[in-house]
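Listed here are the chains, written in short residue letters.
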Amino acid sequence: QVQLAESGGGLVQAGGSLTLSCVAAGSIFRLNDMGWYRQAPGNQRELVATITSGGRTNYADSVKGRFTISRDNSKNTVYLQMNSLKPEDTAAYYCNAVVSPDGYRYLGVWGQGTLVTVSS
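Residues numbered from 1 in each chain as written. Predicted model: local features only at pLDDT ≥ 70, side-chain atom pairs only at ≥ 80, totals over all residues. Heavy atoms only, no water.

A. How the structure looks around the overall build of the protein chain. Of the regular secondary structure elements, the protein chain holds 0 helices and 11 strands. The globule rule puts the C-alpha radius of gyration for 120 residues at 14 Å, and the 14 Å found for the protein chain is close to it. Across its three principal axes, the protein chain shows a C-alpha extent of roughly 45 × 25 × 25 Å. Every one of the 120 residues in the protein chain was classed for burial, and the buried ones make up 39%. Considering only residue pairs separated by 6 or more positions, the protein chain has 55% of its internal contacts joining residues 24 or more positions apart. By element, 46% of the accessible surface of the protein chain is carried by carbon and sulfur atoms, the whole surface being about 6500 Å². (Helix = DSSP H or I, 4+ residues; strand = E, 2+ residues; numbered from the N terminus. Rg over C-alpha atoms; globule rule 2.2 N^0.38 Å. Buried < 20%, exposed > 50% of the residue type's maximum accessible area, 1.4 Å probe, protein only. Contact = heavy atoms within 4.5 Å. Areas by Shrake-Rupley, 256 points an atom, 1.4 Å probe, with all protein chains shown as cover.)

Below you can see the structure in the form of structure tokens.
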């Protein structure tokens, strides 16, 4: 059993900041790549940012320069610092992690999502 627990979503004014957290817990032998994705009503789920176990990051063009993804491997936690928020950032944000329960099998695990609403 592997679960991702997300927190930090909420309502914020345009131009404001918000930080999301995601903690992986359960039968984890290895926690590999982690990332954040988002989905707004009527839209497909899209990649926001990813980070490897070694700390290499990748960002969607729409958030580059405004968002920062980071992780604390000792805590099995990934963060998303969101600055200069825009109304178009409004979406349900989902944490994703590539997890191995045994060092051989790998599977993608999703969090339940946390809502971020940016008002204008």
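B. Structural detail: the state of the cysteines. Summed over all chains, the structure comprises 1 disulfide. Two residues, C22 and C95, share a disulfide whose sulfurs are 2.1 Å apart. For the disulfide bridge between C22 and C95, the dihedral angle about the S-S bond is near -85°, and by the sign convention the bridge is left-handed. Here the residue C22 occupies a position in strand β3 (residues 18–26), and C95 occupies one in strand β9 (residues 91–100), the gap between them amounting to 73 residues. Accessibility assignment for this pair places C22 and C95 in one class, buried. (Disulfide = S-S within 2.5 Å.)

C. Up close: the pairing of strand β4 (residues 30–39). Counting buried positions over the 10 residues of β4 gives 7, a clear majority of the element. Summarising the sheet, β4 and β9 pair through 8 bridges and their orientation is antiparallel. Following the sheet pairing, R30 is matched in β9 by S100. In this sheet, strand β5 (residues 46–51) lies alongside β4 in antiparallel orientation, the contact comprising 5 bridges. In the sheet register, W36 faces β5, and the bridge partner there is A49. Hairpin connection, β4 to β5: the antiparallel pair is bridged by 6 residues, and G42 has positive phi, about 85°. (Pairing = 2+ DSSP bridges.)

D. Representation of the environment of R105 within the structure. Looking at where R105 falls in the secondary structure, it is placed in the loop between β9 and β10 (107–110). Overall, the relative accessible area of 54% leaves R105 in the exposed class. For the pair R105 and F29, spaced 76 residues apart in the sequence, the C-alpha separation amounts to 9.9 Å. Setting aside anything within four residues of it in sequence, one finds R105 in contact with V99 and S100. There is a polar contact of 2.8 Å between the side chain of R105 and the side chain of D102. (Polar contact = N/O pair within 3.5 Å; in protein donor to acceptor, adjacent residues only side chain to side chain.)

E. Molecular detail of the packing of aromatic side chains. Evaluated as defined, the whole model comprises 1 aromatic pair. The ring centre of Y94 lies 3.7 Å from the NZ or CZ of R45, which sits over that ring. In this structure, R45 is placed above the aromatic ring of W110, and the distance from its NZ or CZ to the ring centre is 4.6 Å. (Phe/Tyr/Trp six-rings, centres within 6.5 Å; stacked < 30°, edge-to-face > 60°. Lys NZ or Arg CZ within 6 Å of the ring centre and 35° of its normal.)

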